Amino acid sequence: MRPRMIALSIAAALAVASSVGCAATSHEARKSSLGAARPTAGLLALLDQPGPVELETVNSADWVVERGGVINLDHPTAKAAGLKNEDEPIQVFFHALRHPEQGLFIVDTGVETALRDAPEKSALSGMVRSAMNMEKLKVNAPLGEWLGRQAQPLKGVFLTHLHLDHVTGMADVPAGTPVYTGPGEASARQFLYLFVQGSTDRALAGKPALSEWTYSHEPGGLFDGAVDIFGDGSVWALWVPGHTPGSTAYLVRSTKGPVLLVGDACHTRWGWEHDVEPGTFTADGPRGVESFKKLRAFAAAHPNVDVRLGHQH
Ligand SMILES: [Zn+2]
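Basis of the calculations
- Residues numbered from 1 in each chain as written.
- Predicted model: local features only at pLDDT ≥ 70, side-chain atom pairs only at ≥ 80, totals over all residues.
- Heavy atoms only, no water.
- Pairing = 2+ DSSP bridges.
- Helix = DSSP H or I, 4+ residues; strand = E, 2+ residues; numbered from the N terminus.
- Donors = N, O, S within 2.8 Å, 3.2 Å for Na, K, Ca; no water.
- Tetrahedral: all angles 85-135°; square planar, octahedral: opposite > 155°, others 65-115°.
- Buried < 20%, exposed > 50% of the residue type's maximum accessible area, 1.4 Å probe, protein only.
- Contact = heavy atoms within 4.5 Å.
- Phe/Tyr/Trp six-rings, centres within 6.5 Å; stacked < 30°, edge-to-face > 60°.

J.: Can you explain the sheet that holds strand β2 (residues 29–31)? Please cite residues and give values.
T.: Reading across the sheet, the 8 strands line up as β2-β11-β9-β8-β6-β5-β4-β7 and stay open at both edges, with mixed pairing between neighbours. Since the sheet does not close on itself, it has two edges, and those belong to β2 and β7 (138–139), each with one partner.

Next up, the structure:
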């Protein structure tokens, strides 16, 4: 091939790579057999009744990301506040759900034990670890250590979405444990996934095919769709697309009242309190704003709901 042809071919390949990217994971996905789509009106009818689930939120690690990723710095409120694209301290959480009949589940996964004890053995590639500013990651409670102290076996993992910082604990989840996520998460394509797909695949190795919630689209509903996970109205998956196509919040009717785990539909306390949506880490900005506004409207209408944000208390 002549040099100009080669240059054109390379340019074309780069263009394809940057526009199409690659899938979040090559791990298989199928529809979930757990949970049934229900109108969100069913959720409202139960919201204020005492719930059966014991809920515990664990701060697995403290970390730092760039503020422009988690807060839209172009929003007029952020500009007026003079927010700069500096380091934003965040936490990497997992949430434990203990249901009296269904057993122990977690929402998201925190970080794996190897990330603290032997990073070279972790599911994360060296390239990903160096891009993650590991020197700024302080591990408090690795998922594996925490699981080792539990009397009950882990029955399943509910993911808010398939970004790497939500599966960094997955390597500590026993092989064979079912993993649930929103629709289209595995096949969602982003340029970033070219670099992290291998790490996500290793974190999911040994687990069954991802089980995707089957939402039925609810135009004009509280959220884009809802799934009653155990069929008793105690734990709901709520479809809040934008950050990723299948982004899912969870509403847990806990023994201490209703708790809303919003995932990365809103990462930060400042963003939530000032009505400023997340920034550049969100794949579909306008759709993300819609979901963010739905979550805030729901919380405003039900002030008894305890809101837990994606990465800050
Ligand atoms: Zn995140």
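J.: Before we move on, can you summarise the coordination of the zinc ion with the specific residues and values?
T.: Ideal coordination angles are 109.5 degrees for a metal with four donors arranged tetrahedrally and 90 or 180 degrees for a metal with six donors arranged octahedrally. Taken together, the protein donors to the zinc ion comprise D165 (OD), H166 (NE2), D264 (OD) and H311 (NE2), at separations of 2.0 to 2.1 Å. Taken together, the 4 donor atoms coordinating the zinc ion and their angles of 85 to 162 degrees define a geometry best described as irregular. When the donors of the zinc ion are listed by position in the chain, the intervening gaps give D-H-x97-D-x46-H. One end of the pair, H166, is in the loop between β8 (154–158) and β9 (179–181); the other, H311, is in the segment after β16 (306–308), with 145 residues separating them in the sequence. The pair H166 / H311 is uniform in exposure class, with both members buried.

J.: Report on helix α8 (residues 193–204), specifying residues and quantitative values.
T.: Of all the residues in α8, the buried ones are Y193, V196, S199, T200, D201, A203 and L204. In this fold, the buried residues of α8 make contact with β1 (22–23), α6 (126–131), β10 (189–190) and β11 (210–212). Positioned one or two residues after α8, G206 has a phi angle of 90 degrees, which is positive.

J.: Which residues make up the packing of aromatic side chains, and what values do they have?
T.: Under the counting rule described, the total for this entry stands at 12 aromatic pairs. Between F158 and F230, the aromatic rings sit 6.2 Å apart at their centres with planes inclined by 50 degrees, giving tilted as the arrangement. Here the residue F158 occupies a position in strand β8, and F230 occupies one in the loop between β12 (226–228) and β13 (235–239), the gap between them amounting to 72 residues. Exposure remark for F158: the relative accessible area of 0% places this residue in the buried category. A ring pair is formed by F191 and F195, whose centres lie 5.7 Å apart and whose planes are at 90 degrees; its orientation type is edge-to-face.

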